Amino acid sequence: MRRSLAAAFALCLSAGGGLAQETAREPTKEPIRLDVVNDSLPKSLSGVPGNAAAGKKVFLTRTLGNCLACHQVTSLKSEDFHGEFGPSLDGVADRYTEAQLRLIVADPKRVFTNTVMPAFFKNDGLSRVRPEFVGKSILTAVQVEDVIAFLKTLN
Amino acid sequence: MARRYVGMAALVAAAASVATLAVADDAERKGIAAPPGHVFKTIISGYEFRSKETRALQDDDLENPGFLAVERAADVWKKVEGSEGKSCMSCHGEAETSMKGVGAAMPKWDDKLKKPVNLEQRINICRTEHMKTEPWKFKSRELTDMTTFVRYQSHGMPVAVKTDGPMSPWFERGKQIYYTRYGQLDLACESCHERNNGKFMRADFLSQGQTNGFPTYRLRDQRLVPLHERFQGCMFDVRAEPFKPLSDEFLALELYVAWRGIGLPVETPSVRN
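Read on for an overview of the structure.

Analysis parameters
- Residue numbers here run from 1 along each chain, matching the order of that chain's written sequence.
- As a convention, the first chain written is A and the first ligand written is 1, with the rest following in written order.
- Local features are withheld for residues below a pLDDT of 70 in this predicted model, meaning they are given only at 70 or higher, and side-chain atom pairs are given and counted only at 80 or more; totals for whole chains, interfaces and linings count all residues.
- Side-chain numbers here rest on the full set of heavy atoms in the structure, without hydrogens or water.
- Whenever a carboxyl oxygen of Asp or Glu lies within 4 Å of a side-chain nitrogen of Lys or Arg, that contact is scored as a salt bridge.
- We count a stretch as a helix when DSSP gives it H or I for four or more residues in a row; a strand needs E for two or more, and each element gets its number in order from the N terminus.
- Burial classes: relative accessible area under 20% of the type maximum marks a residue as buried, over 50% as exposed, and values in between as partly exposed (1.4 Å probe, protein chains only).
- Each pair of aromatic rings taken from Phe, Tyr and Trp, with Trp reduced to its six-membered ring, is defined by centres within 6.5 Å and is described as stacked if the planes are under 30 degrees apart, edge-to-face if over 60, and tilted in the remaining cases.
- Each ring is checked for a lysine NZ or an arginine CZ that lies within 6 Å of its centre and within 35 degrees of its normal; such an atom marks a charge sitting over the ring.

What about the pattern of salt bridges?
Residues and elements named next belong to chain A. Enumeration over the complete set of coordinates arrives at 21 salt bridges over all chains. A salt bridge links lysine 43 to aspartate 35; the shortest N-O distance between them is 3.4 Å. For the salt bridge of glutamate 98 with lysine 152, the shortest nitrogen-to-oxygen distance reads 2.6 Å. With glutamate 98 in helix H5 (residues 98–106) and lysine 152 in the segment after helix H6 (141–151), this residue pair connects regions lying 54 residues apart in the sequence. The exposure class assigned to glutamate 98 is partly exposed, which follows from its relative accessible area of 32%. Taking relative accessible area as the criterion, lysine 152 reaches 41% and is therefore assigned partly exposed. The network of salt bridges with shared partners includes Glu98, Arg102, Glu145 and Lys152.

Describing the packing of aromatic side chains
One pass over the structure, following the stated rule, counts 13 aromatic pairs over all chains. Ring centres of Phe67(B) and Tyr152(B) lie 5.1 Å apart, and the angle between their planes is 90 degrees; this geometry places the pair in the edge-to-face category. Linking Phe67(B) in helix H3 (residues 66–76) with Tyr152(B) in helix H7 (residues 141–152), this pair joins segments that are 85 residues apart in sequence. Note on Tyr152(B): relative accessible area 22%, which makes it partly exposed. A centroid spacing of 5.7 Å and a plane angle of 55 degrees characterise the contact between Trp77(B) and Phe149(B), whose relative ring orientation is tilted. Linking Trp77(B) in the loop between H3 and helix H4 (88–92) with Phe149(B) in helix H7, this pair joins segments that are 72 residues apart in sequence. Judged by its relative accessible area of 5%, Trp77(B) is buried. Three or more aromatic residues joined by ring pairs make a cluster, and in this case those are Phe171(B), Tyr178(B), Tyr179(B), Tyr256(B) and Trp259(B). The ring centre of Phe236(B) lies 3.5 Å from the NZ or CZ of Arg130(A), which sits over that ring. Stacked on the ring of Trp136(B), the Lys or Arg Arg127(B) has its end atom at 3.8 Å from the ring centre.

Quick look at the structure:
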């Protein structure tokens, strides 16, 4: 027999002071707001165009985009270990506009329901973020624009 | 048991980490049929997701470095400590008989504490209450050795945790944690071990995240790693603040994840990369 929900909930609270504590941890920094238009982000996040070479580095670097952890890209064949969580990004520039790609990278859950792909330009609404990352997005606006510039080379 | 080279582990670690890409094929990955209502059709041990070399090392009792811990703890089992003048053996006799099956059924409900306890906690309860000596620290060699030794007495026996009665709110809490996304990367246990097991995440080949092999000898660390350290590692990697080892949260998670591996044979001491 399962105990009542109330009992389970009481346990949740006692087990680590869950809710209250987690709210207290919420970042004090301003949450990032995205100007979403028709499932896309038309405006550059940094105000300037990205750099594809820099974007390739962000794409590969484990502590930055680490996009290769989940995606395969034929033009990056010389790199070991392409991940299999997500689809191949070959030809992605033909499938999406720049504005769509920007939203996919910035906050993919707005495009793909319940996806495992992390939001790279979001800094709130997350749970138990390690203190050194609280209030920060995974990538900066400039890094996102660089990644977009790199994705645009994949056609 | 035969004597072994201590330097062996280092050599083997180097060889096996290079070989991690030579993982078992889908076709040869064996599992057991899950009971009705389970999340998986087939429950598969982490063993099946590792390379041939790593599996061979686990299978060879003479070369598996985890057995050094079993040997060390077999001596400590008989060692008198504390003001009661007792050893584990004073109360439990031969571990080979008295501890058979115990590790397969952990965590277990503790009537006195009114909560489930796992093997590490149970060992420390015996030390403080019955031997009147100091508890061992989590991650200490002593505690992980003894945990490995006791769990080894269930080697090959099916994981068989109880999840009903007073355990059920703990089970539900563990399930909730399993499906909650944590950290800056916003990933849940489910994101990797349910949805994406059998796939590569860069160089990491993902298993179902089963617990039947713990404590496990990790080639990367060249030592036995207790389960809650693995849980911490997985949370840390998604840039989350992990729960504390032996916390109520990890106890609940341990119970729930043990249920996800119900029926798998205990493999302690297993070998993983």
